[in-house]
Amino acid sequence: MHELSIARALVQTVTDGVAERGGRPDQVTEIQLRIGVLSGVVPDALTFCFDIVADRTPLAGAALRIEMVPARGHCPACLRPVTLARSMLICPNCGGPVPELIAGRELEVGQVVLADVGPAAEVPA
Ligand SMILES: [Zn+2]
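The notes below deal with the structure included here. Residue positions are counted from 1 within each chain, in the order its sequence is given. Per-residue local features are limited, in this predicted model, to residues with pLDDT of at least 70; the limit for side-chain atom pairs, both in listing and counting, is 80 or more; totals at the level of whole chains, interfaces and linings are taken over all residues. Remark: hydrogens and water are excluded; side-chain values derive from all non-hydrogen atoms of the structure.

1. Quick look at the coordination of the zinc ion
Working step 1: Note that water is not among the atoms used; donors are N, O and S atoms within 2.8 Å of the metal (3.2 Å for Na, K and Ca), so sites may look incomplete. The protein atoms that coordinate the zinc ion are Cys75 (SG), Cys78 (SG), Cys91 (SG) and Cys94 (SG), at distances of 2.2 to 2.3 Å.
Working step 2: Each of the 4 donor atoms bound to the zinc ion contributes to angles spanning 106 to 113°, and the resulting shape is tetrahedral.
Working step 3: Positions of the donor residues of the zinc ion along the chain correspond to the pattern C-x2-C-x12-C-x2-C. Labels for metal geometry use angle windows, namely 85 to 135 degrees for all angles of a four-donor tetrahedral site, and for square planar (four donors) or octahedral (six donors) sites opposite donors over 155 degrees apart plus all others within 65 to 115; sites meeting none of these are irregular.

2. Considering the sheet that holds strand β5 (residues 100-103)
Working step 1: One bridge is not enough; two strands pair if DSSP finds at least two bridges between them. Put simply, DSSP marks the helices as runs of H or I at least four residues long and the strands as runs of E at least two long, and each gets a number from the N terminus on. Taken together, 3 strands build an open sheet; the order of strands is β4-β3-β5 and the sheet is antiparallel. In this open sheet, the two strands that pair with only one neighbour each are β4 (80-83) and β5. Put simply, the sheet's adjacent strands are angled 40° from each other on average, direction ignored.
Working step 2: With 4 bridges joining them, strand β3 (residues 72-75) and β4 adopt antiparallel strand pairing. If you follow histidine 74 over to β4, its bridge partner there is proline 81. Only the stretch in contact is used when fitting a helix axis, every axis being a line fitted to C-alpha atoms; angles between N-to-C directions are given from 0 to 180 degrees.

3. Some points on helix α1 (residues 2-20)
Working step 1: In this model, α1 (19 residues) spans 27 Å end to end at C-alpha, consistent with the 27 Å of a helix rising 1.5 Å per residue.
Working step 2: Of the residues trailing α1, glycine 22 is marked for its positive phi of about 80°. Multiplying 1.5 Å by the helix residue count minus one yields the expected span of that helix.

4. So, unusual backbone geometry
Working step 1: Backbone geometry places arginine 56, a non-glycine residue, at a positive phi of 70°.
Working step 2: Along the chain, arginine 56 falls in the loop between α2 (43-54) and β2 (63-69).
Working step 3: The rule is simple: take the accessible area with a 1.4 Å probe, protein chains only, and divide by the maximum for that residue type; under 20% is buried, over 50% is exposed, in between is partly exposed. A relative accessible area of 82% places arginine 56 in the exposed class.

5. Remarks on the environment of glycine 110
Working step 1: Within the element layout of this structure, glycine 110 appears in strand β6 (residues 107-114).
Working step 2: What makes glycine 110 buried here is its relative accessible area of 14%.
Working step 3: Sequence separation of glycine 110 and glycine 36 is 74 residues, and the distance between their C-alpha atoms is 13 Å.

6. Some points on α2
Working step 1: For α2, with 12 residues, the first-to-last C-alpha span of 16 Å sits near the 16 Å given by 1.5 Å per residue.
Working step 2: For α2, the complete set of buried residues consists of Ala45, Leu46, Cys49, Phe50, Val53 and Ala54. Buried residues of α2, seen end-on, are gathered within an arc of 145° and therefore sit on one face of the element. Exposed residues on α2 whose side chains face more than 90 degrees from its buried face are Asp44 and Phe48.
Working step 3: The criterion used for residue contact is that any of the two residues' heavy atoms lie within 4.5 Å. Where α2 is buried, its residues touch α1, β1 (28-36) and β2.
Working step 4: Where α2 terminates, the next one or two residues include arginine 56, which has phi positive at roughly 70°. The arc in question is traced by the directions running from the helix axis to the C-beta atoms.

Just distances and angles here, no functional claims.
Okay, here's the thing in structure tokens:
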């Protein structure tokens, strides 16, 4: 299961990232994630897997807050960035193909919130 391996990597990344900055992973209350709509990651499945993987680790009980990132591409005909419909690499303005993707495939850890100190360090994905 795709999301299970992502959840494992996420727990490791956040645990290491918080510890490296002198924080305590067991104080993490919220992990903010940015997921592109074209990344292939199913948010509900990832949340489900994260809860299972995080259980019995210091991150148990931490909540995932997932922000979906819309797909954007550069339309060669319109010469500007356009927002694409989910899973359609077609320009909404001119109907032409959009071969160049700018956003929509990301899977990034944003802010990690700790219980005591509030918003904490950015943890690179
Ligand atoms: Zn266009």
